[in-house]
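Architecture at a glance
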Amino acid sequence: MEMHAEHIEELAEGYALGALEPGERVRVEQHIAACPPCKRHIDSVEDTTHMLAFVATPVAPPPRCKLKLMEKVAREQFLQTPTRRSRTVNAMSMWAAVATVAFIMSGAWSMRLQQQLSEVTGAQNQIQGQLASLQTERATMTAQIAQLTTLESVVVAAEAVRSLHGAGSAANASAKTYMTPGKNEAVLIVHNLPQLPPGKIYQVWVARPELQQPLTMFNPVDTTEPVPLQPPEPMDSYNWIMVTIEDAAGAQQPSKDTVLFGEL
Ligand SMILES: [Zn+2]
């Protein structure tokens, strides 16, 4: 003997779709083991549910989809079975459930594809960003190599070398000027200049009586640093060369903070 209230018709669709909570599923299984009418009902619902195989790709819907599906199925039942449940209503409600599952599955599938696509696009953007920064880095290095090659050729071709001596806050520093008489091109190679505080820079000057000509500014990154010099007149037209510490923007008149000095 079974009480009508204990039949599991309202769980049949969820059971057939594998969308029940574990406790409900156990209840259904225990019930249909002892109730042939409910067993037949479940069987017919399962038959209908297998139609899904022809409607949608069998992708397991994520838990949230299952919840939504059950809400929908429960609402369909609530709306369509206010009093007595006929077979027609059952079939209608099943077709509604099938359509819902097919819709949710195709939606979930397309969401998954879109997510994968956006992941691929993100990775692609990242790679392009890295490539661009590597290309920039390579361009910088190529320019540095070209400059060093130029400096090297000036040093190799130099016909005269003049020494500079450390002074002031750079007593341990030294430098050599590689120059060729008659040429506006020379290279100063400095050694052991101390790191500068922020906002300061080293500046090279060439001078003769009544003239102090500002040249290149630099901030050495290594203990030995080559500094290109391109004075407006040939190097041998000046009497002295020196390096001072100036504010980062450079100066038109040298400060008194001389760190290297030599005769040309
Ligand atoms: Zn039953």
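Above this note sits the structure.
First things first, this report covers the structure right here in the doc. This structure is a prediction, so every number in the text was calculated from the model and none was measured.

Turning next to the packing of aromatic side chains. Applying the stated rule across the entire model yields 1 aromatic pair. Ring geometry for Y202 and F218: centres 5.6 Å apart, planes at 25 degrees, overall stacked. Taken together, the positions of Y202 in strand β4 (residues 200-208) and F218 in strand β5 (residues 211-218) put the pair 16 residues apart, joining distant regions of the chain. Overall, F218 belongs to the buried group, its relative accessible area being 8%.

What follows deals with the sheet that holds strand β1 (residues 160-166). The 8 strands lie next to each other as β5-β4-β7-β8-β1-β2-β3-β6, forming an open sheet whose pairing is antiparallel. The open sheet has two edge strands, β5 and β6 (224-229), and neither has a second partner. Geometrically, the sheet is characterised by an average inter-axis angle of 25 degrees between neighbouring strands, direction not taken into account. In terms of strand pairing, strand β7 (residues 240-247) meets strand β8 (residues 258-263) through 5 bridges, oriented antiparallel. Bridge pairing in β8 links M242 to F261.

Across 6 bridges, the pairing between β1 and strand β2 (residues 174-179) is antiparallel. Directly across from S163, in β2, lies its bridge partner K176. The pairing of β2 with strand β3 (residues 186-191) spans 6 bridges and is classified as antiparallel. Bridging across to β3, Y178 finds its partner in V187. Counting the residues in the hairpin turn of β2 and β3 gives 6 residues, including G182, whose phi is positive at 90 degrees.

For the zinc ion, the full set of protein donor atoms is H7 (ND1), H31 (NE2), C35 (SG) and C38 (SG), at a range of 1.8 to 2.3 Å. Around the zinc ion sit 4 donor atoms, and with donor-metal-donor angles ranging over 98 to 119 degrees the site reads as tetrahedral. Sequence positions of the residues that donate to the zinc ion give the spacing H-x23-H-x3-C-x2-C. Remark: H31 occurs in helix α2 (residues 22-34) and H7 occurs in the segment before α1 (9-16); sequence separation between them is 24 residues. Overall, the relative accessible area of 9% leaves H31 in the buried class.

Our focus in this paragraph is the nonpolar core. Ranked by size, the top nonpolar core spans 26 residues in total, and within it L188, L193, V204, L229 and I241 carry the most contacts. Looking at this core, the elements that each hand over two or more residues are β1, β2, β3, β4, β5, β6, β7 and β8. The contact partners of L193, leaving out residues within four places of it in the chain, are A170, A173, Y202, F218, P220, V259 and L260. Formed by 12 residues, the second largest nonpolar core is a distinct cluster that contains I8, A12, L20 and V28.

Right, let's get into the side chain of T180. Here T180 is to be found in the loop between β2 and β3. Of note is the side chain of T180, whose polar atom sits 3.3 Å from the backbone nitrogen of E159. Those residues in contact with T180 that lie beyond four places of it in its chain are A157, A158 and E159.

Moving on, we get to the environment of V206. Among the structural elements, V206 can be located in strand β4. Spatially, the C-alpha atom of V206 lies 7.5 Å from that of N239, the residues being 33 residues apart in sequence. Once residues within four sequence positions are removed from consideration, V206 is found in contact with L211, Q212, Q213, L215, P231, M235, Y238, W240, I241 and L264.

On to unusual backbone geometry, then. Positive phi outside glycine occurs at N192, with the angle close to 60 degrees. The topology assignment puts N192 in the loop between β3 and β4. A relative accessible area of 45% places N192 in the partly exposed class. With a phi angle near 75 degrees, E210 is a residue other than glycine that sits in the positive phi range.

Reading the values: the criteria
- As a convention, each chain's residues are numbered from 1 in the sequence order in which they are written.
- Reporting of local features is limited, given that this is a predicted model, to residues whose pLDDT is at least 70; pairs of side-chain atoms are given and counted only at 80 or more, and all residues count toward the totals for whole chains, interfaces and linings.
- Hydrogens and water molecules were not included; the side-chain quantities draw on all heavy atoms of the structure.
- Put simply, two rings from Phe, Tyr or Trp (the six-membered ring, in Trp's case) pair if the centres are within 6.5 Å, and we call them stacked under 30 degrees between planes, edge-to-face over 60, tilted for the rest.
- By the criteria applied, helices consist of DSSP H or I runs no shorter than four residues and strands consist of E runs no shorter than two, each listed in order from the N terminus.
- We call a residue buried when its accessible area falls under 20% of the maximum for its residue type, exposed when it is over 50%, and partly exposed in between, using a 1.4 Å probe and counting protein chains only.
- Pairing between strands is defined by DSSP: at least two bridges between them are needed.
- With axes taken as lines fitted to C-alpha atoms, and helix axes fitted only over the stretch in contact, angles between N-to-C directions fall between 0 and 180 degrees.
- Only nitrogen, oxygen and sulfur atoms within 2.8 Å of the metal, or 3.2 Å for Na, K and Ca, are treated as donors, and water is left out, so sites may look incomplete.
- All geometry calls rest on donor angles, where a four-donor set with angles between 85 and 135 degrees is tetrahedral, four- and six-donor sets with opposite donors more than 155 degrees apart and all others between 65 and 115 are square planar and octahedral, and all else is irregular.
- Nonpolar core, defined: a set of buried Ala, Val, Leu, Ile, Met, Phe, Trp, Tyr and Cys residues in which side-chain atoms within 4.5 Å join the residues together.
- Note on definitions: a residue-residue contact is assigned when non-hydrogen atoms from the two residues lie within 4.5 Å.
- Each polar contact in these results corresponds to two N or O atoms within 3.5 Å; when the atoms are within protein, one needs to be able to donate a hydrogen and the other to accept it, and residues that are neighboring in sequence are counted only if both atoms are side-chain atoms.

Treat this as a map of the structure, not an account of what it does.
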